[in-house]
Amino acid sequence: MKLSEINAIEFSGYGKIVKKFSESGIPWKQITLSPTGDRSEELWRYGRPVYLEPLEGTGVVFAETDSMPLKMFLLDKPIVLEPTCSFCILSYYSDFYCIMAAPDTRETVRSGSVLTASGIYPNIMAERINTVLYQERTGKFSFKGEKHPYWELTYMDVGKMVCTVDGKDYELKKGEMMFFAPMQYHSQWETGGGPLAFLTVTFELSEGDMTLLTDRILPANAEIHRVMKLILSEYREDNIYSGGMILAALMQVIILSIRSLRQENITATVPSNVSDKTKNEIVQRCMQIIDGNLETRITLEMLAKKVCVSTSYISKLFRAELGIGVSVFIRERRLERAKELIRSGEYTITQVSDMMGFCSVTYFSTEFKKKFGMNPSDYSRSITAL
């Protein structure tokens, strides 16, 4: 779970930031947590406000209410939790001391899972690179094949060749790559008669599942191509810490490839006879039109007419390039603009709602809270209080 900062916006709905209260006369007790106290299956609820004040070390507080999702906050300042808030306090990689002022009785709430105070751990991890080889061939090339207990990546830099994997042939061309799983038999041979050059990286995977990447040709998009060039550069120059740079770059290639495959079904709906540059220009132009007309009525038909393409094509492009529909993008941009207008202090909430074309203040407030975690009035007050 992502670690969030306690501030007026992020913490709204759970509680608020207060001044130091340990000398205020309010009955309190000190809580001491060691690094072993970094997990819990329970949340507490007191039905009355609870004051927490960190003293020493690093700790976190998990908090949720009936209307706010479970979140993990860095407990680095005095706070008061709402009576409706369920919470638990955990240490974060060190001894943690804090003060808590709360009623004697509490309700224990099951969290539904084990809550752990931990940092960011990768879903997939290459532990070690075994070999990095760049081969250049001018004549006939044929590799009879092998299988080994680690992963292998082959990236075609020049020319083309055939990779035979478990008896099935795949033609690998310039700018394409393949992953071979541990103990997967594969052979390679040149086709086309021209020169060829390819990069081979073998590595150990210590975390995650890469089977999605096997038994297929993977085209390297512009971002992957850039990272592959970095691997080649580090391999050739052999600078200080080149091994670490190559391992980090390999992880980028793996993650970018997985992400690209998961977008396949979306991008497949966009006609392939239009270049990526043209697609991007159309989307960029539509975004400019939307941003310039947030205070007027924007329709899909209006966008299509201005950029000279069909409405269905614009819809497909937005989903392919941005992952959302046009109407969702317009609403998101209007909410962002509404936030700016509220921050300016020049307009009332009702005026902002009308300016951004929402059908009612109630609907505007609902959508604003969904996006920013607080309603417009609370956001306005939080800005004023800063």
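None of these values were measured; they are calculated from a predicted model.

(A) Spatial organisation of unusual backbone geometry. One non-glycine residue, Asp 238, lies in positive phi territory at about 50 degrees. Position of Asp 238 relative to the elements: it lies in the loop between α1 (222–237) and α2 (242–262). The exposure class of Asp 238 is exposed, given its relative accessible area of 60%. Of note in the backbone geometry, Tyr 241 takes a positive phi value of approximately 65 degrees without being a glycine. With respect to the helices, strands and loops of the structure, Tyr 241 is situated in the loop between α1 and α2.

(B) A look at the sheet that holds strand β18 (residues 218–219). If you trace the 5 strands from one edge of the open sheet to the other, you get β10-β17-β12-β15-β18, paired in antiparallel fashion. Unpaired on one side and paired on the other, β10 (125–137) and β18 mark the two borders of the sheet. Two strands pair when backbone bridges link them, and strand β12 (residues 151–158) and strand β15 (residues 176–180) are joined in this way by 4 bridges, in the antiparallel orientation. By the bridge assignment for β15, Leu 153 is matched with Phe 179.

(C) Representation of helix α6 (residues 311–322) in the model. Given a rise of 1.5 Å per residue, 12 residues ought to cover 16 Å, and the 16 Å separating the end C-alpha atoms of α6 matches this to within 8%. Where α6 terminates, the next one or two residues include Gly 323, which has phi positive at roughly 80 degrees.

(D) Layout of helix α7 (residues 326–344). Compared with an ideal rise of 1.5 Å per residue, which puts 19 residues at 27 Å, α7 spans 27 Å between its outermost C-alpha atoms and is within 8% of the ideal. Of all the residues in α7, the buried ones are Val 326, Phe 329, Ile 330, Arg 334, Leu 335, Ala 338, Lys 339, Leu 341 and Ile 342. Residue Gly 345 follows α7 closely and has a positive phi angle near 75 degrees.

(E) Inspection of the pattern of salt bridges at higher detail. All chains considered together, the criterion is met by 13 salt bridges. The salt bridge partner of Lys 77 is Asp 76, with a shortest N-O separation of 3.0 Å. Look at Asp 76 and you get partly exposed, because its relative accessible area is 42%. Lys 173 is the salt-bridge partner of Glu 176, the closest N and O atoms lying 3.9 Å from each other. According to the relative accessible area criterion, Glu 176 is buried, its value standing at 15%. Residues joined by salt bridges that share partners form a network here, namely Arg 331, Glu 367 and Lys 370.

(F) Structural detail: the packing of aromatic side chains. Applying the stated rule across the entire model yields 13 aromatic pairs. A centroid spacing of 5.8 Å and a plane angle of 80 degrees characterise the contact between Trp 44 and Phe 87, whose relative ring orientation is edge-to-face. Here Trp 44, found in strand β4 (residues 39–45), pairs with Phe 87, found in strand β8 (residues 86–101); they are 43 residues apart in sequence, far enough to count as distant. Under the relative-accessibility criterion, Trp 44 is labelled buried at 18%.

(G) Broad picture of the pairing of strand β6 (residues 71–74). Taken together, the 2 bridges between strand β1 (residues 3–4) and β6 define a ladder with parallel strand orientation. Its bridge partner being in β6, Ser 4 is matched across the sheet by Phe 73. Inspection of the sheet shows strand β5 (residues 50–64) paired to β6 by 4 bridges, in the antiparallel sense. Its bridge partner lying in β6, Phe 62 is registered against Met 72. With antiparallel pairing between neighbouring strands as the criterion, β5 and β6 make up a hairpin whose turn holds 6 residues.

Criteria and cut-off values
- Residues numbered from 1 in each chain as written.
- Predicted model: local features only at pLDDT ≥ 70, side-chain atom pairs only at ≥ 80, totals over all residues.
- Heavy atoms only, no water.
- Helix = DSSP H or I, 4+ residues; strand = E, 2+ residues; numbered from the N terminus.
- Buried < 20%, exposed > 50% of the residue type's maximum accessible area, 1.4 Å probe, protein only.
- Pairing = 2+ DSSP bridges.
- Expected span 1.5 Å × (residues − 1).
- Salt bridge = Lys/Arg side-chain N within 4 Å of Asp/Glu carboxyl O.
- Phe/Tyr/Trp six-rings, centres within 6.5 Å; stacked < 30°, edge-to-face > 60°.

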